[in-house]
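Examining the three-dimensional arrangement
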Amino acid sequence: TNVHNGNISEEDVQKSIDELDQLQFAFDDFELFWDDIINEKKKNILVLLDNAGEIAFDRLLIRTLKEFGKKILAVVKDAPISNDAIMDDALAVGINNECEVITTGSSDLGYDPKNASGDFMEKLTNFDIVLLKGMANFEAIFSYQHLHSNGKANYYSLLKLKCETHSELFGQSFGSYIFKKIDIKDDTFNL
């Protein structure tokens, strides 16, 4: 693929689409996610974004979720860290035209409650559905599960296993794709 100079051919795009078509998930809780999406009692969805390189696709995801009549909130980092999306990225692709966009209040990988804004932490716990994209966001929800066990949110993690520790935790091979409902009610974390 010739992407270094910004040129992407139609063949490159089609190849990427074909690869996505063959993608298999080691854990695929899409049916549970779907049940939450079509549940009329679940009115709002928080999407904790990850890579800046994925943010244009995130806009399409958000647009699709809006079709179910949900209030969507997109969350980005407050300042650059790694390759994570920030407000400038969200504005550049027009996510703000699809939904409200806020920041975590910090530039931590994932989020750290000590540095995150109170507004973000409250919404993270009390939105009906939370979609956590990427490994760092999964690590944060895992590390701070005790802060979320009394909230009403249903958490879903979408990530690729990129380290052996996570592979062992999930019991899946390195490089596996995961779409998993994370159950942290009653201070327990069940995978």
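This text follows the structure it describes.
Predicted model only: the values in this text are computed from it and were never measured. (Residues numbered from 1 in each chain as written. Predicted model: local features only at pLDDT ≥ 70, side-chain atom pairs only at ≥ 80, totals over all residues. Heavy atoms only, no water.)

Quick look at the overall build of the protein
- Helix and strand counts for the protein stand at 7 helices and 7 strands.
- Written out in order from the N terminus, the α and β elements of the protein read α-β-α-β-α-β-α-β-α-β-α-β-α-β.
- A compact globule built from 191 residues should have a C-alpha radius of gyration of about 16 Å, and the protein, at 17 Å, falls within 12% of that.
- Overall size of the protein, expressed as C-alpha extent along the three principal axes, is 50 × 35 × 35 Å.
- Residues counted as buried form 43% of the 191 residues belonging to the protein.
- Contacts spanning at least 24 positions in sequence make up 71% of the contacts within the protein whose residues lie at least 6 apart. (Helix = DSSP H or I, 4+ residues; strand = E, 2+ residues; numbered from the N terminus. Rg over C-alpha atoms; globule rule 2.2 N^0.38 Å. Buried < 20%, exposed > 50% of the residue type's maximum accessible area, 1.4 Å probe, protein only. Contact = heavy atoms within 4.5 Å.)

Some thoughts on a nonpolar patch on the surface
- Residues Phe30, Trp34, Ile38 and Phe68 make up a contiguous nonpolar surface patch of about 370 Å² in total accessible area.
- Here Phe68 lies in the loop between α3 (55-66) and β3 (71-76).
- Judged by its relative accessible area of 34%, Phe68 is partly exposed. (Patch = residues over 30% accessible without salt bridge, like charges linked within 9 Å, V, L, I, M, F, W, Y side chains within 5 Å. Areas by Shrake-Rupley, 256 points an atom, 1.4 Å probe, with all protein chains shown as cover. Salt bridge = Lys/Arg side-chain N within 4 Å of Asp/Glu carboxyl O.)

Quick look at the sheet that holds strand β2 (residues 44-48)
- Pairing is mixed across the open sheet formed by 7 strands, whose spatial order is β1-β7-β6-β5-β2-β3-β4. Both outer strands of the open sheet, β1 (25-28) and β4 (100-103), are each paired with one neighbouring strand and no more. Taking each pair of neighbouring strands and ignoring which way they run, the sheet shows an average axis angle of 20 degrees.
- In this structure, β1 lies alongside strand β7 (residues 177-182), joined through 3 bridges in parallel fashion. In the sheet register, Asp28 faces β7, and the bridge partner there is Phe179.
- Across the sheet, helix α5 (residues 118-126) lies against β2, β3, β4, β5 (129-133) and β6 (154-160), angled at about 120 degrees from β4, the strand it touches most. (Pairing = 2+ DSSP bridges. Axes fitted to C-alpha atoms, helices over the stretch in contact; angles between N-to-C directions.)

Section: the pattern of salt bridges
- Evaluated as defined, the whole model comprises 11 salt bridges.
- Between Arg59 and Glu98 there is a salt bridge whose closest N-O contact spans 3.0 Å. Note that Arg59 is positioned in helix α3 and Glu98 in the loop between α4 (87-93) and β4, a separation of 39 residues in sequence.
- For the salt bridge of Asp119 with Lys123, the shortest nitrogen-to-oxygen distance reads 3.2 Å. Placement of the pair is Asp119 and Lys123 together in helix α5, with a separation of 4 residues, close to one helical turn.
- Under the relative-accessibility criterion, Asp119 is labelled partly exposed at 40%.
- Through salt bridges with shared partners, a single network forms among Arg59, Arg63, Lys66 and Glu98.

Some thoughts on the environment of Thr125
- Structurally, Thr125 is set in helix α5.
- For Thr125, a relative accessible area of 12% translates into the label buried.
- The spacing of Thr125 and His148 is 23 residues in sequence and 5.5 Å in space, taken between C-alpha atoms.

Focus on the pairing of β5
- Among the 5 residues that make up β5, 5 are buried, leaving the element largely enclosed by the rest of the structure.
- Side chains Ile129, Leu131 and Lys133 project from β5 onto one buried face, and the interleaved Val130 and Leu132 project onto a second face that is buried too.
- As judged from the 4 bridges shared by β2 and β5, these two strands associate in the parallel manner. Across the sheet, residue Val47 finds its bridge partner in β5, namely Leu131.
- Direction of pairing for β5 relative to β6: parallel, over a ladder of 5 bridges. Of the residues in β6, the one forming a bridge with Lys133 is Leu158.
- Regarding topology, helix α6 (residues 135-143) serves as the crossover connection from β5 to the parallel β6, and that connection is right-handed. (Right-handed = clockwise from strand over helix to strand, strands pointing away.)

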